[in-house]
Amino acid sequence: MTLTWILSSLLLAQAPTIGKEEVIRPFRTGVVKAEIYDTRSAQPQIQKTWPWKGPITEGPYHAGANAFGVGKPSTVFVPPASSRERSVWAMSSTGFAGIAQTRYTPPDPTIAVGPNHIVETVNASIAFYSKSGTLEFAVDLDNRGNPGFFEPVGAGSFVVDPKVLYDSEAGRFVVVAIEVYQPNTAWIDIAVSDDDNPHGIWYKYRTSAVVPVGSANYWVDYPSFGFDQDAYYTGGNLFRLNGSGNGTAGILFRVFKKAPMLSGDPVVFTDLRYGNSFSAQAGHHLGNSPAGYYASIGSSSSMRLYAIRNPAGTPTLVTTTVSIPGFSSPSRNSVPNLGGGGVDPLDGRVFNVSWREGRLYVAHPVVVNSAVKARWYLFNTNGWPDSGTPSLSQVGTVDPGSGIYTFFPALAENVLGDVGLVVARSSATEYVSMQMTSRTILDPLGTMGPLIQARVGDRGANGRWGDYYAIGVDPSDYTTFWAVGEYSDQAVNGWATWIQSLQVGEKVLPTSFQVTRGSLVTGSAADLHANDGAYVEVEARRPTSVAEASAEIVVSGTALADNPRALQFVLEAATSGAPTLERIEFWNFDTNQWEVVAERNGTASDSVQSASVTSNAGRFIANGTLEVRARLGFHDRGVTFVAWGSRYDLGYWRLLR
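Predicted model, so just to flag it, every value in this text is computed and none were measured.

Q: Explain the overall build of the protein to me, using residue names and the numbers behind them.
A: In terms of helices and strands, the protein carries two helices and 48 strands. At 25 Å, the protein has a C-alpha radius of gyration in line with the 26 Å of a compact globule built from 657 residues. With the C-alpha coordinates of the protein rotated into their principal frame, the extents come out at 80 × 55 × 50 Å. A total of 657 residues make up the protein; the buried ones form 61% of that total. Excluding contacts between residues fewer than 6 apart, the proportion of contacts in the protein whose partners are at least 24 apart in sequence is 65%. Distance from the positive charge centre (49 side chains) to the negative charge centre (58 side chains) of the protein: 5 Å.

Here's what the structure looks like:
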């Protein structure tokens, strides 16, 4: 089959009918047993093999959408609303150095943030850090470790393209990587920690990634990685491994049923294939999602969305397309930088997908006025694929100015509706740097705040870069963002990575509380400062009237200044009573009375609720003392005859100015 025929076929496939759905069914399932790996068996615990002084191996070039024509046609790009300079609320950040030059390039850095640890992966190492940046564990992913992280499941000498995430639904770290060995072997490796501490037991699975299509076998490249409440999702681009046939075969989607992996039982995985696209990224799902979402470029004016139905049963794949503003994709080595040549932003492929409560965020690079700029979208899933159709809600570019390039975007939304975004930045007069920005619920559609420099390189760079960055939300407070990116470091004569946090607005922690309904069992105000398993527990008062709470506390804190534009509150709580109503109220210092700000049904397990006031928020801050006060209660919707309780694990205010 000639390359011309391949390109022609793909170009025809990449002119989709907008909104037309396709349904794909599985072509195979597999069952794999777990191998147990205890990180404490690695000796020494810190096998720091970086910076590498020997020969450097470049990973295989990840041909993707641009190489096969997606977004390639010259189109007139009309820039959506650009980033605006915002100074009305503070953004604070802190960071530390991550893994530096290994034997591979590019690094492919990702991070996962747990309650107390950060895990970073690169080509081809893994490291555990405290949140203050102390390196606690480091080992190679492949068989060069002692043992390597993916040993003894069979990991060889080429374990690459790693990705790590923190599954906040299950409280686990999860790592995926690929292996390929010519002429006939390929694997997808996946490992799940046994709790929210990466030190200790991991359950590891090695699953075949040889995919037969016609008379050829294909391997999986450039893996995606995501999760929801039911499954872990991966997959990637299919390239011919052996046999006769097309050089490419579209995308593999692999679904791992989550439940057995949490206890190290044999896992069932299901494979689906979509032959008409490339480089689909799996979403990180926060909250209960109706499906597992992926996204890829559909054409130069459309985004293709994918949904995995019934991931815990017999999965099926549903696809549709949504119109987006037209774009042109970057070309290879097209980003200038001080003292270097052209840095490779890859192509117009999707780099990052994140879903929260019906909002699907997607990011990729485009060309604006002859420069590469990071572009992001917000799609409303509108209940799709069970009902409704997805629609485009917002689109924006990260555009710091003429001649400045931004690329490798990754973004996520926190519980208060903030969106954090990390990008690479470069120009002909500056070294490549890692930068972060954000938007809040008060920002106009399609806008981000000013870029904050996390780390800038001190030497020129050429060629491969990335090939992706990553960002996540800290589960200890559900609002702080953590990201990882790359910079060029003269001290290591190569690449280095930087891990950075970002907080938006003024955070106010409770300084005191009192129980106003029920009886205190245990706890102090400090137990409300983080999601750390230290609770304020209150036994419900009985009997009680319908109008009053059965279990209730009033918390107080002190703001730094008055007259915020918005006042928000985060609460993580649970109750053993049912049915109950969970309510957040703010004290109005102008009227001297409580105002209900948010309500929902109480839950038996810890879950997060947020409340926001975006107009006249100053009425909830006391003149002079700057006190803020909130009342957090559970109402049992009737008379209580059986004792029950409530617990509060996290509660704090956030002010935007």
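Once you've had a look at it, read on.
Q: Give a detailed account of the environment of Gly-114, specifying residues and quantitative values.
A: As for its position among the elements, Gly-114 is in the loop between β7 (110-113) and β8 (117-122). As for Gly-114 and Ser-168, which are separated by 54 residues in sequence, their C-alpha atoms are 7.9 Å apart.

Q: Pulling in residues and values, what's your account of the nonpolar core?
A: Membership of the largest hydrophobic core comes to 59 residues, with the highest contact counts inside it found for Ile-126, Phe-149, Phe-150, Ile-190, Tyr-232 and Met-261. Per element, the largest residue contribution to this core is seven residues, and it comes from strand β12 (residues 172-181). In contact with Phe-150, other than residues within four places in its own chain, are Leu-141, Ala-155, Val-159, Val-175, Ala-177, Asp-189, Ile-190, Ala-191 and Lys-204. Counting 47 residues, the second-largest nonpolar core is a separate cluster that includes Val-122, Ala-127, Val-422 and Val-432.

Q: Got a sec to walk through the packing of aromatic side chains? Specific residues and values, please.
A: How two aromatic rings sit relative to each other is set out by the distance from centre to centre and by the angle between their planes. Taken as a whole and assessed by the stated rule, the structure comprises 29 aromatic pairs. Centre to centre, the rings of Tyr-293 and Trp-384 are 6.1 Å apart; their planes meet at 25°, and the pair counts as stacked. With Tyr-293 in strand β22 (residues 292-299) and Trp-384 in the loop between β29 (371-380) and β30 (391-398), the pair connects residues that are 91 residues apart, well separated along the chain. Residue classification places Tyr-293 among the buried positions, given a relative accessible area of 1%. Taking 5.9 Å as the distance between ring centres and 45° as the angle between the ring planes, the aromatic pair formed by Phe-634 and Tyr-648 counts as tilted. Linking Phe-634 in strand β47 (residues 627-635) with Tyr-648 in strand β48 (residues 645-656), this pair joins segments that are 14 residues apart in sequence. The buried category is assigned to Phe-634, whose relative accessible area is 0%. Among the aromatic side chains, those forming a connected cluster through ring pairs are Tyr-37, Phe-128, Phe-137, Phe-149, Phe-150 and Trp-202. Its guanidinium or amino end placed over the ring of Tyr-468, Lys-163 lies 4.6 Å from that ring's centre, counting from NZ or CZ. Just above the ring of Tyr-652 sits the side chain of Lys-507; from NZ or CZ to the centre is 4.6 Å.

Q: Summarise the sheet that holds β22; cite the residues concerned and give the values.
A: If you trace the five strands from one edge of the open sheet to the other, you get β1-β24-β23-β22-β20, paired in antiparallel fashion. Where the open sheet ends on each side, the last strands, each with one partner, are β1 (22-24) and β20 (281-282). Direction of pairing for β22 relative to strand β23 (residues 302-309): antiparallel, over a ladder of seven bridges. Pairing of Gly-292 across the sheet is with Ile-308, part of β23.

Q: Could you give an account of the sheet that holds strand β13 (residues 185-193), naming the residues involved and the relevant values?
A: Spatially, β3-β14-β13-β12-β11 is the arrangement adopted by the five strands of the open sheet, whose pairing is antiparallel. If you trace the sheet from one side to the other, it starts and ends with β3 (35-38) and β11 (159-167), each paired once. Mean inter-strand twist for the sheet, computed between neighbouring axes without regard to direction, equals 25°. Both β12 and β13 contribute to a ladder of eight bridges, which runs antiparallel. Across the sheet, residue Val-180 finds its bridge partner in β13, namely Ala-186.

Q: Tell me what's going on with the pairing of strand β42 (residues 551-558), and back it up with residues and numbers.
A: Counting buried residues along β42, seven of its eight residues qualify, which places the element largely inside the surrounding structure. In the sheet, strand β39 (residues 512-517) pairs with β42 via five bridges, with the strands oriented antiparallel. Residue pairing for β42: Ser-512 is matched across the bridge by Ser-556. Direction of pairing for β42 relative to β47: antiparallel, over a ladder of eight bridges. Looking at the pairing, Gly-557 lines up with Val-628 of β47.

Q: Mind laying out the side chain of Ser-646, listing which residues take part and the relevant values?
A: Of note, Ser-646 is situated in strand β48. A polar atom in the side chain of Ser-646 sits 3.4 Å from the side chain of Tyr-648. Contact partners of Ser-646, with chain neighbours within four places excluded, come to Val-536, Glu-537, Val-538, Ala-551, Ala-574, Thr-575 and Phe-634.

Q: Requested: an account of the pattern of salt bridges, with residues and values cited.
A: Enumeration according to the criterion identifies 28 salt bridges in this entry. Across the pair Asp-347 and Arg-349 runs a salt bridge whose closest N-O atoms are separated by 2.8 Å. Arg-349 carries the same exposure label as Asp-347, and that label is buried. Salt bridges sharing common partners tie together Arg-28, Arg-254 and Asp-271.

Q: Provide a residue-level description of unusual backbone geometry, including the pertinent values.
A: In this chain, Asn-146 is followed by Pro-147 through a cis amide linkage whose omega measures -5°. As for its placement among the helices and strands, Pro-147 is situated in the loop between β10 (135-140) and β11. In this structure, the amide linkage connecting Trp-384 to the following residue, Pro-385, adopts the cis form with an omega of 15°. Mapped onto the elements, Pro-385 comes out in the loop between β29 and β30. The phi dihedral of Asn-493 falls on the positive side, at around 55°, and the residue is not glycine. In this fold, Asn-493 is placed in the loop between β36 (481-489) and β37 (494-504). By relative accessible area, Asn-493 is classed as exposed at 60%.

Q: So what about the side chain of Thr-406? Which residues, and what values?
A: Mapped onto the fold, Thr-406 is located in strand β31 (residues 405-413). The buried category is assigned to Thr-406, whose relative accessible area is 0%. Only 2.8 Å separates the side chain of Thr-406 from the backbone nitrogen of Ala-374, close enough to count as a polar contact. Within the structure, the side chain of Thr-406 is placed 2.8 Å from the backbone oxygen of Val-398, a separation counted as a polar contact.

Q: Summarise the environment of Val-613; cite the residues concerned and give the values.
A: Tracing the chain through its elements places Val-613 in strand β46 (residues 607-613). You can call Val-613 buried: its relative accessible area is 8%. Measuring from C-alpha to C-alpha, the distance between Val-613 and Thr-440 comes to 13 Å, with 173 residues separating the pair along the chain. Beyond its immediate chain neighbours, meaning those up to four positions away, Val-613 contacts Arg-565, Ala-566, Leu-567, Phe-586, Val-597, Arg-619 and Phe-620.

About the cut-offs
- Residues numbered from 1 in each chain as written.
- Predicted model: local features only at pLDDT ≥ 70, side-chain atom pairs only at ≥ 80, totals over all residues.
- Heavy atoms only, no water.
- Helix = DSSP H or I, 4+ residues; strand = E, 2+ residues; numbered from the N terminus.
- Rg over C-alpha atoms; globule rule 2.2 N^0.38 Å.
- Buried < 20%, exposed > 50% of the residue type's maximum accessible area, 1.4 Å probe, protein only.
- Contact = heavy atoms within 4.5 Å.
- Lys, Arg positive; Asp, Glu negative; His and termini not counted.
- Charge placed at Lys NZ, Arg CZ, Asp CG, Glu CD.
- Core = buried A, V, L, I, M, F, W, Y, C linked by side-chain atoms within 4.5 Å.
- Phe/Tyr/Trp six-rings, centres within 6.5 Å; stacked < 30°, edge-to-face > 60°.
- Lys NZ or Arg CZ within 6 Å of the ring centre and 35° of its normal.
- Pairing = 2+ DSSP bridges.
- Axes fitted to C-alpha atoms, helices over the stretch in contact; angles between N-to-C directions.
- Polar contact = N/O pair within 3.5 Å; in protein donor to acceptor, adjacent residues only side chain to side chain.
- Salt bridge = Lys/Arg side-chain N within 4 Å of Asp/Glu carboxyl O.

Treat this as a map of the structure, not an account of what it does.
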